[in-house]
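# A look at the structure
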Amino acid sequence: MNASSFNQERIVLIATILIAVSASVFLSGFLNVPNLISIVRSISVLGILALGMAIVIIGRGIDLSMVAIMAMSVAWYLQMINDGYNDYLALMLVITGVIAIGALNGFLVAYADVPPIFVTLATGLFVFGYVRSQLIPSDAVAVPHGHWLELMGQFRLFNIPVDVFIFIALSFAAFIFLRFTKWGRYVYFAGDNPAAARNIGIPVRPMQVLRYVLAALISFIAGLLTAASLLSIQTRVINSNLLYDVILVTVIGGIGLSGGKGGVRNVLIGSALIGILLNVMTIADISLLSQNLIKSTILLAAIILDGVLNPRDEQTAQQGDI
Amino acid sequence: MKLVKTLISAIALATTALTVLPAAAQDPGPVAYKKAMQGKRIVMIPMAMGFDLAQGWAGFLSREIPNFGGTFETRDPNWSVEAGAQAITEAIASDPKPDVLIIMAPDLNSYSKLMKRAQKKGIYVFLIDNPANFKADAFFGGDWTEMGRIEAREAVRACGEGSSKEIGLVQGDQTNATSLYQYAGIVEEMAKHKDYKIVAKPDSNWDATTSRNVTTTMLQQHPNICAIIDFWDGDATGAAAAIRDAGKSGKVHLIANGGGEKSADCDMIESGGYGAVVSTSVERESYDMLALMKHLLQSGQPAGTSSTYIYTETQTINKLTMNANSCWDLKALKAAAKK
C-alpha cells in the first residue's frame, strides 16, 4: 500500500463501512429503509452547512459565523412575518442581510487581511447580538400557521422528507461548481497557493468574498429547513455543538484545514460517518456524555491525521491560518 | 389658683390626649411597610432572559416591585455560565448593593460560592426553578422529583390498559439537576407499575433538532411506544415534529414539562403537538417570591440565617383539564407592561 492510497478519505470510508456492517449485525433495527432515511435526514442540515464550510475551507478560510447566520436570519424572517410584514418583502430583506454579512466576512478577510477565524467569530457574535437584542423579542420564533415553510416541512416524496432532496441537490450543485466551473477550480488554486494564484491573474480577493457569501446563503437555507421541520427556530442553537459538528464533518471527511484539498465527496463521507455514528449511539442508548467523548476523540484523531497527511505548506502558510 | 392651674393643665392634657388619639388609632402598617421596603433593590439573574420563564417572572415582578418603591433589574447571561457568574459578582460589588438577588442556577455547583459571598454581604439570595448545593434564603420552583412522578403517572394514564405499555424518555442532559431529578422521579413511579417499561431514554441536550432526531430513531426502534416524556417544552417541539413525521399524532402521547406559557404549552396541546404539559405556574412562583421578599425585608432576619422551600403546586394540563386559566400569556403580559 503506498502513501497515496492510504489517505484520510479512505480510512474514514472504511471506518464508516465497518461501523455500518457491525451495526447491521449487532443492532436489530439499524438496517432497514426507514432508519436509513432517518440517518440521511438527521444529517442533512449538518451536511448542508458542511458544504458551505467546505467551500470556504478549500479556499483556505473558515467560517465560524455560519450557525449564527443560519439561526438569526431565519429568526428575523419569521419575526417579520409574525409582525405582519409582506412575506416577499421580508424574504428579500433577509436575503439582502445575509449577503451583506457574507460580503462583510469576505471583505475583511480578503481586503483587510484579518485572519478568517477572528473575522467570522466576531461577525457571528455580532449577528447574534444584533438580531437577538434589536429584532426579536425572545429566543425562539415560531413559524406562523399555514406558512409555506410549514407546507415545505410536511412535503414527502416516497416517504422521504424534503431535507434529504435539498441536501442532495445542494451537494450536486456544489460538486458542479467546484469541479466544472472556472470559478470553482479557482477555489482550489487560491486555497493551495494564494500568492501563485494571484500571480497568474486569478481574482483571488473577489473570489474570497464570493465564497463567504455562498457560505452565508447556504446557512440561510439550512436555517429554513430547520424551521420547516420544527415549526420554530430556536436561536439557542448558537450555544450548542452544531458549529463544531460542522467542522467535524468537514475535516473528518478529509478536507484539509490548510486548504486546496478535498471536495463534495469528502463532505458526504464525513456526513455518513457522523450520521451513522450518532444513530448507532442513539439506538444503543449511549448517554450524551459518552457520545460527546466519542465524537471529540474522533475529531481529535481526524485533526492529528490531517496534520500528518496534509502538513502546513511552509512556503505559503501565513500567521493566523489554521 | 393652684386648683385653676391644675384644671387648666388637666384640660390641656385631655385635649392633647384627645387630639392625639385618632392619630394613634391609625394603621401603623403602611408606614412600617413603606419604611422597610422603600428603595430596596432587587436584581434577577436567570440563565437567560430570552425564554418564557424568565420573561414571565420579570413581567410579574416588575409590575409589583415599583408599587412598594423598590427597583427591579435583570441581567441576561444568555445561557452562559461564565456570564452569569460575572453578573452575580458585579451585583455583589455594586453600590448600593442589591437587597435581594434572584438567581436561576444552571447546575448544582457553579454559583454556590458566589451566592455564599452575597449572603455574607447581607444580600438575601433566592433560588428559582433549579436547585443548587447551597442554602439559599428561599427556593422557589417545582419539586422536580415529584414532577417526574406526575409525568410518569400521566404517561401511564394516557397509555392505559391494553396498550403496549412502552414509554420513551427524552432527557435533557446528565448534569442539570432538573433533568436528573425528573428522571429519578419517573423511575421511582414506574417501579410501581411493573408491567410498564421505559424502552429508551436518549438525551436532547435541550436542543430541539436533537430531540427530533433521537425521537425519530426511538419511534422506529420501538414502534409501539404509547407515550414519550420530554423533559422541557423548549425542545419538545422536536419530539412533536418526529411524532408528526412518523404519522403517529394522537397515537403517541407526548408529555412535556414547562412553565405554563400559552404559546409554548396550551397552544401546543390545543393543536395536538403535545398530549400534556406538567407545569409549575410562573405567575404563582412570582407572587410567592414577592411575598417572601416582603416578609424577609421587614423581618430583620439576617441573610443566610434561614432557609425556606416554597414548592409551587404542579398541574397537569391536557385536553381534559385545560381551561382558560391553565396558561398565562406572555404576549398579554408584555402588552400590559407597555401601557
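Given the structure is predicted, the values throughout are model-derived calculations rather than measurements. Starting from 1, residues in each chain are numbered consecutively following that chain's sequence as written. Labels follow written order: the first chain is A, the first ligand is 1, and so on. pLDDT decides what is reported in this predicted model: residues at 70 or higher carry local features, side-chain atom pairs at 80 or more are listed and counted, and totals for whole chains, interfaces and linings draw on all residues regardless.

Okay, the domain arrangement of chain B next. Residue and element names in this part refer to chain B. As used throughout, domain bounds are those supplied by an automatic or database domain assignment. In terms of domain boundaries, chain B breaks down into domain 1 (31-143 + 282-313) and domain 2 (144-280). Here contacts are defined at the residue level, using C-beta atoms placed from the backbone and a cut-off of 7 Å between them. At the junction of the two partners, domain 1 supplies 14 residues and domain 2 supplies 14 residues. Here a helix means four or more residues in a row that DSSP labels H or I, a strand means two or more in a row labelled E, and each is numbered from the N terminus. When contributions to the side of domain 1 that touches domain 2 are tallied by element, the ones reaching two or more residues are α3 (52-64) and α11 (282-299). It is α3 that provides the largest number of residues to the side of domain 1 that touches domain 2, a total of three residues.

Moving on, we get to the interface of chain B and chain A. Taken together, the contact between chain B and chain A spans 27 residues of the former and 27 residues of the latter. Residues of the side of chain B that touches chain A, tallied by class, amount to eight nonpolar, 13 polar and six charged. In this count, Pro and Cys sit with the nonpolar residues alongside Ala, Val, Leu, Ile, Met, Phe, Trp and Tyr, while Asp, Glu, Lys and Arg are called charged and the others, Gly among them, polar.

Let us now look at the sheet that holds strand β10 (residues 276-280) of chain B. Residues and elements named next belong to chain B. Strands were regarded as paired on the criterion that DSSP finds at least two bridges between them. Spatially, six strands are ordered β7-β6-β8-β9-β10-β12 in an open sheet, and the strand pairing comes out mixed. A single partner strand is all that each edge strand has here, and the edge strands are β7 (197-200) and β12 (314-318). Taking the axes of each pair of neighbouring strands and ignoring which way they run, one obtains an average angle of 25° across the sheet. Bridge count for β10 against β12 is five bridges, and the pairing is antiparallel. By the bridge assignment, Val277 is partnered in β12 with Ile317. The convention used is that axes are lines fitted to C-alpha atoms, helices contributing only their stretch in contact, and that angles between N-to-C directions extend from 0 to 180 degrees. Those strands touched by helix α9 (residues 233-245) are β6 (166-170), β8 (227-230), β9 (253-258) and β10, and its axis lies near 170° from that of β9.

Here we take up the pairing of strand β5 (residues 138-141) of chain B. All names here are of chain B. Backbone-placed C-beta atoms define the burial measure: a residue is buried with 20 or more other C-beta atoms within 10 Å of its own, exposed with 12 or fewer, and partly exposed in between. The alternating pattern of β5 places Ala138 and Phe140 on one face and Phe139 and Gly141 on the opposite face, and all of these are buried. For β5 and strand β11 (residues 308-311), the ladder comprises four bridges, and the chain directions are parallel. Across the sheet, the residue bridging to Gly141 is Tyr311, located in β11.

Sheet strands associate in pairs through backbone hydrogen bonding, adopting either a parallel or an antiparallel arrangement. All names here are of chain B. The parallel open sheet is built from six strands, whose spatial order is β2-β1-β3-β4-β5-β11. Looking at which strands have only one partner, the edges of the open sheet turn out to be β2 (71-74) and β11. For this sheet, the mean inter-axis angle between neighbouring strands, taken without regard to orientation, is 15°. Where strand β1 (residues 41-45) lies against β2, four bridges are found, and the strand directions are parallel. Bridge pairing in β2 places Arg41 opposite Thr71. Lying over the sheet, α11 contacts β1, β3 (100-103), β4 (124-128), β5 and β11, oriented at roughly 165° with respect to β5.

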